[in-house]
Amino acid sequence: MAKKGFFSWFRKDKSKEEAQAVEAAKLEAEKLELERVEAERLAAEQAETERLAEEARLAAEQAEAARLEAERIETERVAAEQAEAQRIEAERLESERLESEKVAAEAAAEQARLAAEQAAQVEAERLESERVAAEQAEAQRIEAERIEAERLESERLESERLESERVAAEAAAEQARLAAELVAQAEAARLEAERLESERVAAEQAEAQRIEAERLESERIESEKVAAEAAAEQARLAAEQVAQAEAARLEAERLESERVAAEQAEAQRIEAERLESERAAAEAAAEQARLAAEQEAQAERIEAEAAEQAEQQPEPQAKPVKEGLFARLKRGLKRTSESIGSGFIGLFSGKKIDDDLFEELEEQLLIADVGVETTTRLIKSLTEQASRKQLKDGEALYDLLREEMQKTLDPVSVPLVPENADGPFVILMVGVNGVGKTTTIGKLAKQYQAQGKSVMLAAGDTFRAAAVEQLQVWGQRNDIPVIAQHTGADSASVLFDALQAARARNVDVLIADTAGRLQNKAHLMDELKKVVRVMQKQDETAPHEVMLTLDASTGQNAISQAQLFQEAVGVTGITISKLDGTAKGGVIFAIADKFGIPIRHIGVGEQIDDLRTFDAKDFIEALFSQTKDDKDVK
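Note that the structure is a prediction, hence the values are computed from the model and not measured.

**Comments concerning the overall build of the protein**
Helix and strand counts for the protein stand at 17 helices and 8 strands. Considering the protein as a whole, with its 634 residues, one finds that 29% of them fall into the buried category. For the protein, contacts bridging at least 24 residues in sequence account for 75% of all contacts bridging at least 6. A total of about 38,800 Å² of accessible surface is found on the protein, and carbon and sulfur atoms cover 56% of it.

**Concerning the sheet that holds strand 5 (residues 545–551)**
The 8 strands are arranged 3-2-4-1-5-6-7-8 in an open sheet whose pairing can be described as mixed. Each edge of the open sheet is held by one strand with a lone partner, namely strand 3 (482–483) and strand 8 (611–613). Pairing of strand 1 (residues 425–430) with strand 5, which is carried by 4 bridges, proceeds in the parallel orientation. Along strand 5, the bridge assignment pairs Leu-428 with Val-546.

**Things to note about unusual backbone geometry**
The omega torsion across Ala-542 and Pro-543 is -15°, close enough to zero to call that bond cis. Inspection of the secondary structure puts Pro-543 in the loop between helix 13 (522–536) and strand 5. Positive phi outside glycine occurs at Asp-479, with the angle close to 55°. Of note, Asn-506 is a non-glycine position whose phi angle comes to about 60°, a positive value. Here Asn-506 shows up in the loop between helix 12 (491–504) and strand 4 (509–512).

**A look at the pairing of strand 6 (residues 573–577)**
Most of strand 6 is tucked away: 5 of the 5 residues are buried. Covered by surrounding structure in strand 6 are Gly-573, Thr-575 and Ser-577 together with Ile-574 and Ile-576, the residues of both alternating faces. In this sheet, strand 6 lies alongside strand 5 in parallel orientation, the contact comprising 5 bridges. Of the residues in strand 6, the one forming a bridge with Met-547 is Gly-573. Following the chain from strand 5 across helix 14 (residues 557–569) to the adjacent parallel strand 6, one finds a crossover that is right-handed.

**Observations regarding the side chain of Glu-545**
Along the polypeptide, Glu-545 turns up in strand 5. By relative accessible area, which is 1% here, Glu-545 ends up buried. Among the polar contacts made by the side chain of Glu-545, one reaches the side chain of Thr-572 at a distance of 3.0 Å. Discounting chain neighbours no more than four positions away, the residues touching Glu-545 are Leu-416, Phe-425, Val-426, Ile-427, Leu-428, Thr-572, Gly-573 and Arg-600.

**Points about helix 9 (residues 394–409)**
With 16 residues, helix 9 extends 23 Å between its outermost C-alpha atoms, agreeing within 8% with the 22 Å of an ideal straight helix rising 1.5 Å per residue. Where helix 9 is concerned, the buried positions are Gly-394, Leu-397, Tyr-398, Leu-400, Leu-401, Glu-404, Met-405, Thr-408 and Leu-409. Where the residues of helix 9 are buried, they touch helix 6 (345–348), helix 7 (355–367), helix 8 (372–389), helix 15 (587–595) and helix 16 (616–624).

**Comments concerning the packing of helix 9 against helix 16**
For the pair helix 9 and helix 16, interaxial distance at closest approach is 9 Å and the crossing angle is 150°. Helix 9 and helix 16 meet at a crossing whose hand is right-handed. Side by side, helix 9 and helix 16 meet where Tyr-398, Arg-402, Met-405, Gln-406 and Leu-409 of the first sit next to Ala-616, Lys-617, Phe-619, Ile-620, Glu-621 and Phe-624 of the second.

**A word on the pairing of strand 5**
When you tally the buried positions in strand 5, you get 7 out of 7 residues, the bulk of the element. Residues Glu-545, Met-547, Thr-549 and Asp-551 line one face of strand 5 and the alternating positions Val-546, Leu-548 and Leu-550 line the opposite face, and both faces are buried.

**With respect to helix 15**
In an α-helix, one turn spans 3.6 residues, which is why side chains three or four residues apart end up on the same side. Burial in helix 15 covers these residues: Val-587, Ile-588, Phe-589, Ala-590, Ile-591 and Ala-592. In the segment just after helix 15, Gly-596 is the residue with positive phi, at about 70°.

**A closer look at a negative patch on the surface**
A cluster of acidic residues, Asp-393, Glu-395, Asp-399 and Glu-403, forms a negative patch at the surface. Locating Asp-399 in the fold gives a position in helix 9.

**Here we look at the nonpolar core**
Judged by nonpolar contacts, the single largest core of 74 residues is most densely connected at Phe-348, Leu-361, Leu-409, Ile-588, Phe-589, Phe-614 and Phe-619. Listed in part, the 18 residues of the second largest apolar core include Phe-425, Met-429, Ile-441 and Leu-457.

**Points about the pattern of salt bridges**
Going through the model one piece at a time under the given rule, you end up with 58 salt bridges. The salt bridge involving Arg-97 is made with Glu-101; its shortest N-O contact spans 2.6 Å. Taken together, the residues Arg-97 and Glu-101, both in helix 2 (residues 85–217) and 4 residues apart, mark about one turn of the helix. Measuring nitrogen to oxygen at the nearest pair gives 4.0 Å for the salt bridge that ties Arg-503 to Asp-539. A residue pair is termed long-range when its members are at least 10 positions apart, and Arg-503 in helix 12 and Asp-539 in the loop between helix 13 and strand 5 qualify at 36 residues. According to the relative accessible area criterion, Asp-539 is buried, its value standing at 10%. Look at the salt bridges and you will find they share partners, linking Glu-23, Lys-26, Glu-30, Glu-138, Arg-141 and Glu-145 into a network.

**Quick look at the packing of helix 10 (residues 437–450) against helix 11 (residues 467–478)**
The interhelical angle for the contact between helix 10 and helix 11, taken along N-to-C directions, is 20°, at an axis separation of 10 Å. Looking at the two axes, helix 10 sits roughly parallel to helix 11. In this structure, helix 10 meets helix 11 at a crossing whose hand is right-handed. Facing Thr-438, Thr-439, Ile-441, Gly-442, Lys-443, Lys-446 and Gln-449 of helix 10, the residues of helix 11 in contact are Gln-470, Leu-471, Trp-474 and Asn-478. Partitioned by chemical class, the residues of the contact of helix 10 with helix 11 number 3 nonpolar, 6 polar and 2 charged.

Cut-offs applied
In every chain, residue numbers begin from 1 and rise along the written sequence. Owing to the predicted nature of the model, reporting of local features is limited to residues with pLDDT of at least 70; listing and counting of side-chain atom pairs is limited to 80 or more, with chain, interface and lining totals taken over all residues. Side-chain numbers come from the whole structure's heavy atoms, not from hydrogens or water. Secondary structure elements are taken from DSSP: a helix is a run of H or I of four residues or more, a strand is a run of E of two residues or more, and numbering for both begins at the N terminus. Each residue gets one of three labels from its accessible area relative to the maximum for its type: buried under 20%, exposed over 50%, partly exposed in between, using a 1.4 Å probe on protein chains only. The contact criterion used is simple: two residues touch if any of their non-hydrogen atoms lie within 4.5 Å. Note on areas: Shrake-Rupley with a 1.4 Å probe; residue coverage comes only from the protein chains shown. Pairs of strands are assigned from DSSP output, requiring at least two bridges between the strands. Handedness of a crossover: with both strands directed away from the viewer, a clockwise path from the first strand across the helix to the second marks it as right-handed. Whenever two N or O atoms come within 3.5 Å, that pair is a polar contact, provided that in protein one can donate a hydrogen and the other can accept it, and provided that, for residues adjacent in sequence, both atoms are side-chain atoms. For a helix, the expected span equals 1.5 Å multiplied by the residue count minus one. In this analysis an axis means a line fitted to C-alpha atoms, helices contributing only their contacting stretch, and an angle means the value between N-to-C directions, from 0 to 180 degrees. Crossings are assigned a handedness: left-handed for a near helix turned anticlockwise from the far helix by less than a right angle, right-handed for a clockwise turn. Two distance rules govern patches: like charges are joined within 9 Å, and nonpolar side chains (Val, Leu, Ile, Met, Phe, Trp, Tyr) within 5 Å, applied only to residues with over 30% relative accessible area and no salt bridge. Each salt bridge in this description consists of a side-chain nitrogen of Lys or Arg and a carboxyl oxygen of Asp or Glu lying within 4 Å of one another. In this tally, Asp and Glu contribute negative charge and Lys and Arg positive charge; neither His nor the terminal groups of the chain are included. Think of each charge as sitting on NZ of Lys, CZ of Arg, CG of Asp or CD of Glu. Only buried Ala, Val, Leu, Ile, Met, Phe, Trp, Tyr and Cys residues count toward a nonpolar core, and they belong to the same one when joined by side-chain atoms within 4.5 Å. Angular relationships are summarised with four words: roughly parallel below 35 degrees, roughly antiparallel beyond 145, roughly perpendicular across 65 to 115, and oblique for the angles in between. Ten residue types, Ala, Val, Leu, Ile, Met, Phe, Trp, Tyr, Cys and Pro, are classed as nonpolar, four, Asp, Glu, Lys and Arg, as charged, and the remainder, Gly among them, as polar.

Rendered as structure tokens:
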């Protein structure tokens with residue numbers, strides 16, 4: 001018997017299982033209640049049927065008794081007819097009366113039966129209406145529960161919105177308070193100036209009155225005194241202007257000294273970074289020289305050993321052939337291909353196209369992490385095309401499956417072009433812990449550097465232990481500057497400084513690392529949004545690429561990660577790592593089908609070149625070109 005349905009393999013998390021268990025128990029109780037009502041209704045119907053049968057039996061017995069009575073009367077009538085003709089006529093009339101009574105009794109019994117049937121029908125209709133009402137009430141209850149759940153979700157979202165508005169209001173209130181304090185200080189200064197001015201005016205008025213009194217006494221003395229006061233006032237005003245000019249000059253000199261000090265500090269920092277990079281370059285050169293010396297010694301040893309072997313073995317050995325890029329991709333996808341691509345060869349080979357084959361294909365796709373929705377779409381498309389094209393054997397369906405899977409990947413096969421005429425092209429790397437973000441950053445930086453682009457790294461993962469040092473090691477290996485702060489620093493400030501430094505140094509590409517975060521932690525995702533907002537204060541278009549790194553071995557959990565990171569920061573590109581391991585690899589089709597986000601790179605090995613620019617055609621070719629002989633050889 002063919003296996004049917006494999007959607008039950010996909011379990012939800014524990015909380016959803018408990019909720020489903022409670023819901024199932026509730027539905028089971030409701031089903032038992034409905035079954036009890038239905039049993040009572042059937043029992044009532046059976047009792048009604050038995051009652052009607054009893055009434056019919058009694059009517060039949062009455063009819064049988066009447067028939068026997070009629071036969072007895074008829075016998076007596078025949079006997080009496082032989083004796084008395086006149087009495088026979090009387091008995092005939094009597095028998096006709098009895099016959100009419102019998103007909104009336106039968107009619108009454110029929111009417112009673114019809115009335116009983118109508119009553120039973122009314123009772124059945126009543127029970128049916130009660131059942132329909134119960135079902136409607138249950139549907140209304142379920143709808144009310146759904147509406148209540150939606151209301152609770154909306155209240156939660158509203159509470160989150162109100163909380164964010166409260167935070168914004170508190171920030172606005174704090175800003176308003178600071179502004180009010182500044183206004184109050186300005187107002188106090190203005191009032192103090194007005195008070196001084198009013199005191200001065202009052203003093204001048206008092207002085208004018210005194211002058212007027214003294215003028216009456218001596219106009220000459222008063223005129224000389226007024227001239228002296230005018231000269232003193234002019235001198236005071238001139239002194240105040242000189243003091244203000246001196247204060248402005250001192251402030252300008254202070255600002256200039258601070259600017260010069262800042263420039264000197266920046267120059268010293270740049271010089272320190274240059275010396276550090278030169279030291280790192282010198283160390284790298286020394287390391288390369290050491291490695292070269294070791295390689296040279298190793299080569300001499302190998303040559304000596306080869307010479308000895310040549311003396312012992314006269315037949316020359318063939319030189320190993322250098323492995324090409326496609327061969328390396330094919331080798332990296334070997335384990336993935338065991339579930340997808342060539343893994344289907346045994347499924348289709350020598351089989352006819354029927355429901356059993358589609359069931360097995362459905363099972364294999366689900367096992368390979370292709371996902372329920374994508375699997376359903378592929379099976380539906382293959383079924384329609386196989387029927388329309390009238391395919392007969394499994395090999396033809398295998399080719400059709402290959403075409404459908406490539407059509408799924410073609411729309412997302414869009415390579416990343418890191419070009420920005422207005423400054424550095426900013427790539428913000430996001431993803432959960434352990435997916436390989438930092439390693440991907442190092443490989444990308446090396447590839448862009450090989451293309452002739454200047455690259456800078458930003459160590460924004462300030463939470464994970466040794467994350468900053470890990471990125472600095474990548475920078476030292478490749479002679480790439482790394483902007484970093486101490487562990488535990490604000491990630492947004494690190495990326496702000498990195499973008500500022502990249503703009504100042506005319507860097508082509510800035511790759512920013514971020515802390516790994518669980519996609520179901522709202523406060524961590526909010527911090528990621530903060531990083532984007534801070535970077536946009538310098539460049540409204542930054543980041544130009546939000547690249548999400550996904551681990552292919554996590555299976556369907558990668559879909560949840562893509563969903564929530566897309567909602568939080570708007571993912572524009574995806575890198576899928578670890579396709580060379582035990583990953584089943586089908587999640588790449590599920591992500592492409594569900595989100596349509598461009599897949600920029602795939603990781604199929606540990607080497608720099610094993611981070612490959614994603615090409616749908618090469619990917620499908622590498623998956624479906626694996627053969628059993630290839631596996632045996634390797």
